[in-house]
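Inside the fold
Letter by letter, the chains look like this.
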Amino acid sequence: MTDGTVTGDTTTVKLSTEGADLLSLAGAGDANLAELQKLFPVRVTLRGEAMVITGTAEAVEKAGVVATRMIDQAKQRLPLDPDDVLRFSMEGPARDNGTPGRIVLPGARKIIQPKTQGQGEYMQLMLDNEIVIGIGPAGTGKTYLAVAAAVDALARKKVRKIVLARPAVEAGESLGFLPGDMQAKVDPYLRPLYDALDDLMPPERVARALETRVIEIAPLAYMRGRTLADAFVILDEAQNATTSQMKMFLTRLGLNSRAVITGDKTQIDLPKREESGLLQVERILVGIEGIGFHYFTDVDVVRHRLVRDIVKAYAQDAGA
């Protein structure tokens, strides 16, 4: 129930908080209310069973939309923090939980949206399936969108950790000749995953999550023998996972876990192309409920325009 009054240029609206957990609604040290006031030029107070919002009519209207969602969350006894308040403000009036085509990452103050129809279909598949396999050329956003979906799932507390893996396969170079210990040798292979995280989360959060192992980035071989529950797991560069490695990876999934597998069939660096686990799952896992396949094309390339032309040229040469 809403009650509003207007005095001069100032508007005051009272939103009922009946049934809401007021401690959760306000946040620690009134942090949630402070975030709402930071986002909009309004004054916010809790009085009895009402949230009172005062400011210009436009500001009060916008703040009221976010405040209503805060109250709804507090009524459901769900966790509520300033990041949630920020996310609500970025998402707008409609709740975007589960809405395809849009991921809001409040910590990084970013909104991730598909730039092509193919990317939108891929994001929808990640919502609808426990395992998604994205296949296509470089520059189509396969890995970036998967990491964004993982960070979003972690922020929404749908999973407790993120695991990012890549096969450390030599593509013309030799690991043995790289300087440093084993971690230093494999880090270059994992760098694209670090780069995606750095773009999608504040640096201090990335560092803390890596330190506490809420986020793990490791070579695929390190996954052997583990069971990954309550996790969002991504296998990148899957074309270079062998058939046995792919089976090992897929059987690591535990309860309440999701997996995204990405790869480019034109960039297989294994000694024998037919040993690629990506090619095998493409043959044997089609049609299984809960597993979705998406194929990107050069139309989905979102890097420099020349990347699309390069992808086309190589595809034409391979078909010649």
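This structure is a prediction, so every number in the text was calculated from the model and none was measured.

**Brief notes about the nonpolar core**
Residues Met126 and Leu197 are the most contacted members of the largest nonpolar core, which totals 35 residues. Broken down by secondary-structure element, the contributors of at least two residues to this core are β5 (103-105), α5 (117-128), α6 (142-155), β8 (161-166), α7 (182-200), α8 (203-211), β9 (215-219) and β10 (231-235). Once you skip the residues sitting within four places of it in the chain, Met126 turns out to touch Val132, Leu145, Ala146, Ala149, Arg258 and Val260. Core analysis: the second largest hydrophobic core is formed by 25 residues, Ile131, Ile135, Val281 and Ile291 among them.

**Things to note about the pattern of salt bridges**
For the coordinates displayed, the defined rule picks out 13 salt bridges. Where Glu58 meets Lys62, a salt bridge forms, and the shortest distance between an N and an O atom there is 3.2 Å. Here Glu58 and its partner Lys62 are both found in helix α3 (residues 57-75), four residues apart, which amounts to about one turn of the helix. Using a relative accessible area of 44% as the deciding quantity, one classes Lys62 as partly exposed.

**Overview of the packing of α5 against α6**
For any two helices packed against each other, one specifies the crossing angle of their axes together with the interaxial distance. One way to put it is that α5 packs onto α6 with a least axis distance of 11 Å and a crossing angle of 40°. In this structure, α5 meets α6 at a crossing whose hand is right-handed. Every residue of α6 that contacts α5 at Gln119, Tyr122, Met123 and Met126 is listed here: Lys142, Leu145, Ala146 and Ala149. Split by residue class, the contact of α5 with α6 holds six nonpolar, one polar and one charged.

**With respect to the confidence of the model for the chain**
When the pLDDT values of the chain are averaged, the result is 85; 85% of them are 70 or greater. Confidence drops under pLDDT 50 across residues 171-178; counting only partners more than four residues distant or on other chains, this segment forms seven contacts.

**Let's talk about the sheet that holds β8**
Sheet architecture is open: six strands sit in the order β9-β8-β10-β11-β7-β12, paired in parallel fashion. Two strands in the sheet have a free side with no partner beyond their single neighbour: β9 and β12 (291-295). Across the sheet, the mean angle separating the axes of adjacent strands is 15° when strand polarity is ignored. Relative to the sheet, helix α10 (residues 277-284) contacts β7 (131-135), β11 (258-263) and β12, its axis offset from that of β7 by approximately 120°.

**Some words on the pairing of β7**
Along β7, five of the five residues are buried, which leaves the element largely enclosed by surrounding structure. Residues Ile131, Ile133 and Ile135 of β7 are buried on one face, and the alternating residues Val132 and Gly134, pointing to the opposite face, are buried as well. Pairing of β7 with β11 involves five bridges; the strand directions are parallel. Opposite Val132, over in β11, you have Val260 as the bridge partner. Pairing geometry for β7 and β12, over five bridges, is parallel. Bridging from a neighbouring strand, Gly134 pairs with His294 of β12.

How each quantity is defined
- Residues numbered from 1 in each chain as written.
- Predicted model: local features only at pLDDT ≥ 70, side-chain atom pairs only at ≥ 80, totals over all residues.
- Heavy atoms only, no water.
- Core = buried A, V, L, I, M, F, W, Y, C linked by side-chain atoms within 4.5 Å.
- Buried < 20%, exposed > 50% of the residue type's maximum accessible area, 1.4 Å probe, protein only.
- Helix = DSSP H or I, 4+ residues; strand = E, 2+ residues; numbered from the N terminus.
- Contact = heavy atoms within 4.5 Å.
- Salt bridge = Lys/Arg side-chain N within 4 Å of Asp/Glu carboxyl O.
- Axes fitted to C-alpha atoms, helices over the stretch in contact; angles between N-to-C directions.
- Left-handed = near helix turned anticlockwise from the far one by under 90°.
- Nonpolar A, V, L, I, M, F, W, Y, C, P; charged D, E, K, R; others polar.
- pLDDT = per-residue confidence, 0-100.
- Pairing = 2+ DSSP bridges.

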